Amino acid sequence: MAQPKFSTHLGMVDILPDEVGKWQAIERIIHEEARKFNFEEIRTPIMEQTELIARGVGQLTDIVTKEMFAFERGDDHYVLRPECTAPVVRAFVEHHLEQRGGSQNLYYIGPMFRAERPQKGRQRQFHQFGAEIIGPDDPIADVEIISLMLSIYNRVGITNTTLKINSVGDPESRAAYKEALKNYFRPHLDEMSEISRERFEKNPMRILDSKEEEDQEFIAKAPVITEYLSEETEEHYARVKTHLDELEISYTEDPHLVRGLDYYTRTAFELISPDLGAQDALGGGGRYDLLVEEIGGQHTPAVGFAAGIERLLIACEELDISLGEEKSVDIYIVTIGENARTWALNHLPKLRANGISAAMDYMGRSVKAQMKDADRENAKYTIIVGDNELKEGKFTLRDMKASEEEALDFENIVERLKKKV
Ligand code: AMP
């Protein structure tokens, strides 16, 4: 085959018709679980102001410093959203959603963009689903967010996961902890990776995120944030754990879990799957009590999670979980001649109006080719329509699976299929 002239950009992937059933199945589960938890969907634009993302995600994060797809047009700075928490919070502030009263329980599904080096489970355009509870400070909200995330994976059948949790403290505890980390890492810096040396200056907590081999022995013995938590934060964290215990949600405490984004405070969590390989995080989230204010709203505590759909699908594949139905059509009308084609076109709406999916040949193919097409389309029934059938008003309805045939008039065909679909 000739080399195509155009292809997708690096790390941007087409979701082809044969795969789309899985996506629709996942999306359906997300919508249904979110509804059970009383969350409302929110849809924000794909592009945001660059400044919003820089503030919301954090000026020093890899996402902002290296991975943004950004451009200017006139005086405006556009960026393809790399995540959706900052956009949701922007919408919350911009539209005064707090005036709707109570906590705002929001969820989203959509494409995100990061200019990362593509590999398995890591793309430049990928899809996330996520949820945010904006308003409450109470650990109950943290636990509800975690429960919603887990319930989606449970519905899909991905249960072999590890929930890691930590508390990343409030600004005061973080300041004390950063100081402690700096004091600890300083004498070892010469032996550590360049990236960690850089992070030492900018945000020492992110050294704990390092995947570099030479850093690991130092990270392993580093002080842990849980020793620096203020009393209030410690109590909040303890209550999160108590509620998780009560709900019998198992978790592992990981005092080195800091996550890449700067706006997290207190609870942080990550859901890990052993079925994913190197990119083993299915999703993660936490509290971001400082973000609403950072973006220009009133101080409003909030907690959320984000998870990747591609990674969820990789896990499904590894676990042999099949999602979505095979494509099929209830009835395929095989036509012989022009009159039959016109008749078919005019009778398709009646079938569809009764909830029956119906197809016909658009390409003037032979009966044999149409039967083959019906097979390929996985048609449950076929009828063959020619001048004789039209004259007599009777059509042979063929049940493709049972290989049974019956001559019926069109009204009876509709009635028959209505009962079956
Ligand atoms: P983050 O916003 O970085 O915490 O990411 C949350 C989740 O989104 C991750 O756990 C992944 O499942 C998914 N994710 C993040 N970046 C990518 C990417 N480049 N490609 C595919 N999935 C991603």
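Residues numbered from 1 in each chain as written. Predicted model: local features only at pLDDT ≥ 70, side-chain atom pairs only at ≥ 80, totals over all residues. Heavy atoms only, no water.

## Observations concerning the pattern of salt bridges
Considering all chains together, one arrives at 35 salt bridges under this definition. With a closest N to O distance of 2.6 Å, Asp373 and Arg376 form a salt bridge. Highlighted residues: Asp373 and Arg376, both in helix α13 (residues 367–376), separated by three residues, approximately one helical turn. Judged by its relative accessible area of 6%, Asp373 falls in the buried class. When its relative accessible area of 53% is taken as the criterion, Arg376 is described as exposed. A single network of salt bridges, built from pairs that share partners, joins Lys327, Glu338, Arg341, Asp361, Arg365, Asp373, Arg376 and Glu377. (Salt bridge = Lys/Arg side-chain N within 4 Å of Asp/Glu carboxyl O. Helix = DSSP H or I, 4+ residues; strand = E, 2+ residues; numbered from the N terminus. Buried < 20%, exposed > 50% of the residue type's maximum accessible area, 1.4 Å probe, protein only.)

## Things to note about a nonpolar patch on the surface
A surface patch of nonpolar side chains, about 240 Å² in accessible area, is lined by Ile46, Met47 and Phe71. Along the polypeptide, Phe71 turns up in strand β3 (residues 70–73). (Patch = residues over 30% accessible without salt bridge, like charges linked within 9 Å, V, L, I, M, F, W, Y side chains within 5 Å. Areas by Shrake-Rupley, 256 points an atom, 1.4 Å probe, with all protein chains shown as cover.)

## Topic: the nonpolar core
In a soluble, globular protein the nonpolar side chains are often hidden away together inside. Phe39, Phe129, Ile134, Tyr153, Ile158, Phe185 and Phe305 are the most contacted members of the largest nonpolar core, which totals 93 residues. By residue number, the principal contributor to this core is helix α5 (residues 139–156), which donates ten residues. In terms of nonpolar packing, the next biggest core, distinct from the first, is built from 20 residues, Leu348, Phe395, Ile413 and Val414 among them. (Core = buried A, V, L, I, M, F, W, Y, C linked by side-chain atoms within 4.5 Å.)

## Here we look at helix α9 (residues 231–246)
Residues spaced three or four apart along an α-helix face the same direction, because each turn holds 3.6 residues. Helix length check: α9 (16 residues) gives 22 Å between terminal C-alpha atoms against 22 Å at 1.5 Å per residue, within 8%. Where α9 is buried, its residues contact α5, β7 (162–167), α6 (171–185), β8 (252–253), β9 (265–272) and β10 (281–287). Just past α9, the residue Glu248 takes up positive phi, approximately 55°. (Expected span 1.5 Å × (residues − 1). Contact = heavy atoms within 4.5 Å.)

## Here we look at the sheet that holds strand β12 (residues 329–335)
On the basis of which strands lie adjacent, the open sheet formed by five strands has the order β13-β12-β14-β15-β16 and mixed pairing. With one partner strand each, in any of the chains shown, β13 (358–360) and β16 (404–408) form the two edges of the open sheet. Taking the axes of each pair of neighbouring strands and ignoring which way they run, one obtains an average angle of 25° across the sheet. Pairing between strand β15 (residues 395–399) and β16: five bridges, direction antiparallel. Paired with Asp399 across the two strands is Glu404, which belongs to β16. (Pairing = 2+ DSSP bridges. Axes fitted to C-alpha atoms, helices over the stretch in contact; angles between N-to-C directions.)

## Focus on the packing of α5 against α9
The N-to-C vectors of α5 and α9 enclose an angle of 45°; their axes lie 9 Å apart at closest approach. Comparing the axis directions of α5 and α9 gives the class oblique. Once α5 is placed against α9, the crossing between them reads as right-handed. Residues Pro139, Ile140, Asp142, Val143 and Ile146 of α5 form the contact with α9, whose participating residues are His236, Arg239, Val240, His243 and Leu244. In terms of residue class, the contact of α5 with α9 is made up of six nonpolar, two polar and two charged. (Parallel < 35°, antiparallel > 145°, perpendicular 65-115°, else oblique. Left-handed = near helix turned anticlockwise from the far one by under 90°. Nonpolar A, V, L, I, M, F, W, Y, C, P; charged D, E, K, R; others polar.)

## Here we look at the domain arrangement of the chain
Considered domain by domain, the chain is made up of domain 1 (17–170 + 230–318) and domain 2 (331–420). The gap between the C-alpha centroids of domain 1 and domain 2 is 48 Å. (Domains from an automatic or database assignment.)

## A closer look at the pairing of β15
The two faces of β15 differ: Phe395, Leu397 and Asp399 on one face are buried, but Thr396 and Arg398 on the other face are not. Summarising the sheet, strand β14 (residues 379–385) and β15 pair through four bridges and their orientation is antiparallel. Pairing of Thr382 across the sheet is with Arg398, part of β15. Counted along the chain from β15 to the antiparallel partner β16, the turn is four residues long, and its residue Ser403 has a positive phi close to 55°.

## Some thoughts on the sheet that holds β10
Spatially, eight strands are ordered β1-β5-β6-β11-β10-β9-β7-β8 in an open sheet, and the strand pairing comes out mixed. Where the open sheet ends on each side, the last strands, each with one partner, are β1 (40–41) and β8. In this sheet, strand β5 (residues 104–113) lies alongside β1 in parallel orientation, the contact comprising two bridges. Of the residues in β5, the one forming a bridge with Glu41 is Tyr107. Those strands touched by helix α4 (residues 85–94) are β5 and β6 (125–134), and its axis lies near 45° from that of β6.

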